Amino acid sequence: MLILSRKVDEKIKIGEDITITLIEVRGDQVKIGVEAPKNVKVFRQEVFEAIQQENKEACATSETLEALSKFLGGK
């Protein structure tokens, strides 16, 4: 993990297309801005984990497997 110190309004570049800007620091809360191309999905960690869990649960149901089988031409 790379750890960087930044002051308000300073930026961090990730590659050529992603910019992280420190917007505000208030107590133990930090606000950041993320500029990225529309094809790059940006999520808070807890939202990303919830999406992953829902996807796993959806794939585990028999209804989903039956639908996928029918879609692929199986019986």
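Refer to the structure above for everything that follows.
Presented here is a report on the structure given in the accompanying data block. (Residues numbered from 1 in each chain as written. Predicted model: local features only at pLDDT ≥ 70, side-chain atom pairs only at ≥ 80, totals over all residues. Heavy atoms only, no water.)

Things to note about the overall build of the protein
Then comes step 1: Tallying secondary structure elements over the protein gives 2 helices and 3 strands in all.
Then comes step 2: What you see in the protein, going N to C, is helices and strands ordered as β-β-β-α-α.
Then comes step 3: Each of the three principal axes of the protein carries a C-alpha extent, and together these read 60 × 30 × 20 Å.
Then comes step 4: A total of 75 residues make up the protein; the buried ones form 7% of that total.
Then comes step 5: Once local pairs closer than 6 in sequence are excluded, the contacts in the protein between residues at least 24 apart make up 2%.
Then comes step 6: Of the roughly 7100 Å² of accessible surface on the protein, a fraction of 55% belongs to carbon and sulfur atoms. (Helix = DSSP H or I, 4+ residues; strand = E, 2+ residues; numbered from the N terminus. Buried < 20%, exposed > 50% of the residue type's maximum accessible area, 1.4 Å probe, protein only. Contact = heavy atoms within 4.5 Å. Areas by Shrake-Rupley, 256 points an atom, 1.4 Å probe, with all protein chains shown as cover.)

Here we look at a nonpolar patch on the surface
Then comes step 1: On the surface, V8, V25, V30, I32, V34, V40 and V42 cluster together to form a nonpolar patch covering roughly 550 Å² of accessible area.
Then comes step 2: Classification of V34 as partly exposed rests on a relative accessible area of 37%. (Patch = residues over 30% accessible without salt bridge, like charges linked within 9 Å, V, L, I, M, F, W, Y side chains within 5 Å. Salt bridge = Lys/Arg side-chain N within 4 Å of Asp/Glu carboxyl O.)

Focus: unusual backbone geometry
Then comes step 1: The backbone phi angle of D9 is positive, close to 75°, even though this residue is not glycine.
Then comes step 2: Note on placement: D9 falls in the segment before β1 (11–14).
Then comes step 3: The class of D9 is exposed, set by a relative accessible area of 58%.

Some words on the pattern of salt bridges
Then comes step 1: Applying the stated criterion across every chain, the model contains 4 salt bridges.
Then comes step 2: Here R6 makes a salt bridge to E10, at a shortest N to O gap of 3.6 Å.
Then comes step 3: Note that R44 and E46 form a salt bridge whose closest N and O atoms lie 2.7 Å from each other.
Then comes step 4: Judged by its relative accessible area of 47%, E46 falls in the partly exposed class.
Then comes step 5: Residues participating in the shared-partner salt-bridge network are E24, R26 and K31.

Things to note about the sheet that holds β1
Then comes step 1: Read from one edge to the other, the open sheet built from 3 strands follows the order β1-β2-β3, with strand pairing classed as antiparallel. Either end of the sheet is taken by a strand with one partner, and the two such strands are β1 and β3 (29–35). With direction set aside, neighbouring strand axes in the sheet form an average angle of 25°. (Pairing = 2+ DSSP bridges. Axes fitted to C-alpha atoms, helices over the stretch in contact; angles between N-to-C directions.)

Scope: geometric values only; no functional claims are made or implied.
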